[in-house]
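Breakdown of the fold
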Amino acid sequence: MQRAYLSKLMELCERDSNVLHLVADSGTGYDEMLRRSFPDRMLNFGIAEQHMVAAAAGLATAGKIPFVYTAGAFLAYRALEFVRDDICFQNQNVKVVGMGSGLSWCSLGPTHHTTEDVAVLRAIPNLMILSPATPVQVSACVERAYAHQGPVYLRIGMSNETEFFEEGYELVASGTDVFSPEGEVVIVSTGSILEEVMQAASMLRDQGVNVTILNVVCIKPFDPKPLLQASSGAKLLVTVEEHNRIGGLGSIVSEACCDAGIGRKLLRIGLNDCFAEGYGKTQAAVRRENGLDAESIAKRIGGALHE
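Read on for an overview of the structure.

Attention now moves to unusual backbone geometry. Note that the residue after lysine 220, namely proline 221, is joined by a cis bond; omega there is 0 degrees. You can see proline 221 is positioned in the loop between strand E10 (218-220) and helix H9 (225-230). One non-glycine residue, asparagine 91, lies in the positive phi region at around 55 degrees. When you line up the elements, asparagine 91 lands in the loop between helix H5 (80-88) and strand E4 (95-99). Residue asparagine 91 is classed as partly exposed on the basis of its relative accessible area of 42%.

Dropping the structure here:
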């Protein structure tokens, strides 16, 4: 996803001289490629995320379009006041890109996990939130962020995510992709955990369970129409997220159903108001340890269907 993000950003730099890339000592080889091609467009603020966000707001007042890029946990939490007051309160045209969504920083533990960012940031006015599931979707989200006049938070993974979309993919108007409509179970997910959800759905189909998958890319503003349409005849509604169940996708879906006045049995799968267990392991291993792997997801859904 990082390569997809920076490749798309380089395209934008070629098209628009106002596009800037701001980092906080978080550069990779891909950042070096951008710096070599556009040396005056990449600004490194060192480990000073708050200052970077504040500077981005100032640059936006001068007509620049800053893409602020570093570990998601340091943007969503450490620089929260600056994102809120300097960018969102002023409605500045700044794009905040948090790499390492969910448990992507698997080897470094909860200090680097980004498992509360949706809950924290979706309450802030004026902020669009995009959560792509694959590298191709990252490219589409960068384009959407660039086209949007105002603050955007883009959360991306960094673990060689499985691709489910073809090149040239464009975000649908609703911001939600629908796979296999009219299932008795509707699974709603966001971000790179889609790969686990796809596998879990395959396991359930092998057991004779029809499954619809909704992949929510645009978390905010959230369009409830695909959800309400897909769940109209479903027996069970499920949310799966690499995030705390409180305030995240499960809460968004609950709110949408409540606002629409519909009652559905809802199973929320995510971190149950806790920090993730597991250090120094692969993301797949940490997911397994926290019940967020395909087998665990399928087992939870199968159990809920027979309750």
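A few words on the sheet that holds strand E1 (residues 19-23). Within the open sheet, the 7 strands sit side by side as E2-E1-E3-E4-E6-E5-E10. Their pairing is mixed. A single partner strand is all that each edge strand has here, and the edge strands are strand E2 (42-44) and E10. Adjacent strand axes in the sheet meet at a mean angle of 20 degrees, parallel and antiparallel pairs treated alike. With 5 bridges connecting them, E1 and strand E3 (residues 65-71) associate as parallel partners. Bridge pairing in E3 places leucine 20 opposite proline 66.

This brings us to the environment of methionine 42. Mapped onto the elements of the fold, methionine 42 is located in strand E2. Taking C-alpha positions, methionine 42 is 25 Å from threonine 134, a pair spaced 92 residues apart along the chain. Beyond its immediate chain neighbours, meaning those up to four positions away, methionine 42 contacts His21, Val23, Asp31, Leu34 and Arg35.

Moving on: the pattern of salt bridges. Under the definition given, this model contains 13 salt bridges. For arginine 84, the salt bridge identified is with aspartate 85, shortest N-O distance 2.7 Å. Judged by its relative accessible area of 23%, aspartate 85 falls in the partly exposed class. Between arginine 287 and glutamate 242 there is a salt bridge whose closest N-O contact spans 2.9 Å. Note that arginine 287 is positioned in helix H11 (residues 283-289) and glutamate 242 in strand E11 (residues 236-244), a separation of 45 residues in sequence. Grouping residues by exposure puts arginine 287 and glutamate 242 together as buried. Salt bridges sharing common partners tie together Lys8, Glu11, Arg15 and Glu143.

Before going further, it helps to spend a moment on the packing of helix H8 (residues 194-206) against helix H12 (residues 294-305). Direction vectors running N to C along H8 and H12 enclose 50 degrees, while the axes themselves pass 8 Å from each other. In terms of their interaxial angle, H8 and H12 are classed as oblique. Crossing of H8 over H12 shows right-handed handedness. Residue-level inspection shows Glu196, Gln199, Ala200, Met203 and Leu204 of H8 in contact with H12, the latter providing Ala294, Glu295, Ile297, Ala298, Ile301 and Gly302. Grouping the constituent residues of the contact of H8 with H12 by class yields 7 nonpolar, 2 polar and 2 charged.

With that out of the way, let us pick up the pairing of E1. Counting buried residues along E1, 5 of its 5 residues qualify, which places the element largely inside the surrounding structure. Covered by surrounding structure in E1 are Val19, His21 and Val23 together with Leu20 and Leu22, the residues of both alternating faces. As judged from the 3 bridges shared by E1 and E2, these two strands associate in the parallel manner. Across the sheet, leucine 22 pairs through a bridge with leucine 43, a residue of E2.

Cut-offs applied
Residues numbered from 1 in each chain as written. Predicted model: local features only at pLDDT ≥ 70, side-chain atom pairs only at ≥ 80, totals over all residues. Heavy atoms only, no water. Helix = DSSP H or I, 4+ residues; strand = E, 2+ residues; numbered from the N terminus. Buried < 20%, exposed > 50% of the residue type's maximum accessible area, 1.4 Å probe, protein only. Pairing = 2+ DSSP bridges. Axes fitted to C-alpha atoms, helices over the stretch in contact; angles between N-to-C directions. Contact = heavy atoms within 4.5 Å. Salt bridge = Lys/Arg side-chain N within 4 Å of Asp/Glu carboxyl O. Parallel < 35°, antiparallel > 145°, perpendicular 65-115°, else oblique. Left-handed = near helix turned anticlockwise from the far one by under 90°. Nonpolar A, V, L, I, M, F, W, Y, C, P; charged D, E, K, R; others polar.

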